[in-house]
Amino acid sequence: MNLRPHHALCIQKFTGHGYDEKFTAHMTGTVKVLRDRPETPVELVSGCDDLCAACPNNIRGSCSTPEKVEATDAGVLSALSLSAGDVLPWDRLSERARREIFGTEKFPEICASCEWYNLCRDTDTNIL
Ligand code: SF4
Ligand code: SF4
């Protein structure tokens, strides 16, 4: 599976809300795959990924808010000491994100500018 780095956070905070019906259904399916097979290899990518594929903000293969999502991706990579192109199993990636981001002040630093932040802040992680 290909994921933008910040989607390692969004997946763990997903509660069924999304940009539209198609995106939400696709996200729900992705969460199920990762819950059922936590060893799934994830490649961190710098552009649109397997979640963006179903997003209405994906305009011909590019996110419509590139600066915002690139900054969020950079914050996640820095916090986890990872780089685009790295591949690791979902369970290791998600555990590192919980330990190094959700459990620290880095969570608001990385995510506070996101429109979903208040919801995510108030939501427990849903993949353990
Ligand atoms: S605040 Fe935004 S970027 Fe951060 S986990 Fe939630 S949806 Fe993802
Ligand atoms: S296209 Fe942009 S808004 Fe949509 S899922 Fe991808 S990064 Fe997020």
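Just so we're clear, the structure is a prediction, and the values are computed from it rather than from any experiment. (Residues numbered from 1 in each chain as written. Chains lettered and ligands numbered in written order. Predicted model: local features only at pLDDT ≥ 70, side-chain atom pairs only at ≥ 80, totals over all residues. Heavy atoms only, no water.)

**With respect to the site of ligand 1**
Note the cut-off: A cutoff of 4 Å decides nearness: a residue is near a molecule or strand if any of its heavy atoms lies inside that distance of it. Helix and strand definitions here come from DSSP, where helices need a minimum of 4 consecutive H or I residues and strands a minimum of 2 consecutive E residues; each element is numbered from the N-terminal end. Nonpolar residues are Ala, Val, Leu, Ile, Met, Phe, Trp, Tyr, Cys and Pro. Charged residues are Asp, Glu, Lys and Arg, and all others, Gly as well, are polar.
Residues in contact with ligand 1, as listed here, are His6, Leu9, Cys10, Cys111, Cys114, Trp116, Tyr117 and Cys120. Put simply, the parts of the chain that give the shell around ligand 1 at least two residues each are α1 (7-10) and α6 (117-121). Considering only residue class, the shell around ligand 1 consists of seven nonpolar, one polar and no charged.

**Brief notes about the side chain of Asp49**
Worth spelling out the cut-off: Summary of the burial criterion: residues with accessible area below 20% of their type's maximum are buried, those above 50% are exposed, and those between are partly exposed, where the area comes from a 1.4 Å probe applied to protein chains only. Residues scored as charged are limited to Lys and Arg (positive) and Asp and Glu (negative), so that His and the chain ends carry no count. Only one rule defines a salt bridge in this text: a Lys or Arg side-chain nitrogen within 4 Å of an Asp or Glu carboxyl oxygen. Pairs of N or O atoms are called polar contacts if they sit within 3.5 Å, as long as, within protein, a hydrogen donor faces a hydrogen acceptor (for residues adjacent in sequence, only side-chain-to-side-chain pairs). Whether two residues touch is decided by their heavy atoms; if any such pair falls within 4.5 Å, the residues are in contact.
In this structure, Asp49 sits in the loop between β2 (41-44) and β3 (58-59). Buried charge without a partner: Asp49 forms no salt bridge, and the closest opposite charge is Arg4, 5.7 Å away. A polar contact is formed between the side chain of Asp49 and the backbone nitrogen of Leu51, at a distance of 2.9 Å. Only 2.8 Å separates the side chain of Asp49 from the backbone nitrogen of Cys52, close enough to count as a polar contact. Not counting residues up to four positions away in its chain, the partners in contact with Asp49 are Asn2, Leu3, Arg4 and His7.

**Description of helix α2 (residues 21-36)**
Cut-off, in case you're wondering: Helices are assigned an expected span. That span is 1.5 Å times one less than the residue count.
Taking 1.5 Å per residue, 16 residues should reach 22 Å; α2 reaches 23 Å between its end C-alpha atoms and fits that length. Looking at the buried positions of α2, the neighbouring elements they touch are α1 and α4 (90-102). Structurally, the start of α2 carries an N-cap: the backbone nitrogen of Lys22 is 3.3 Å from a side-chain oxygen of Asp20.

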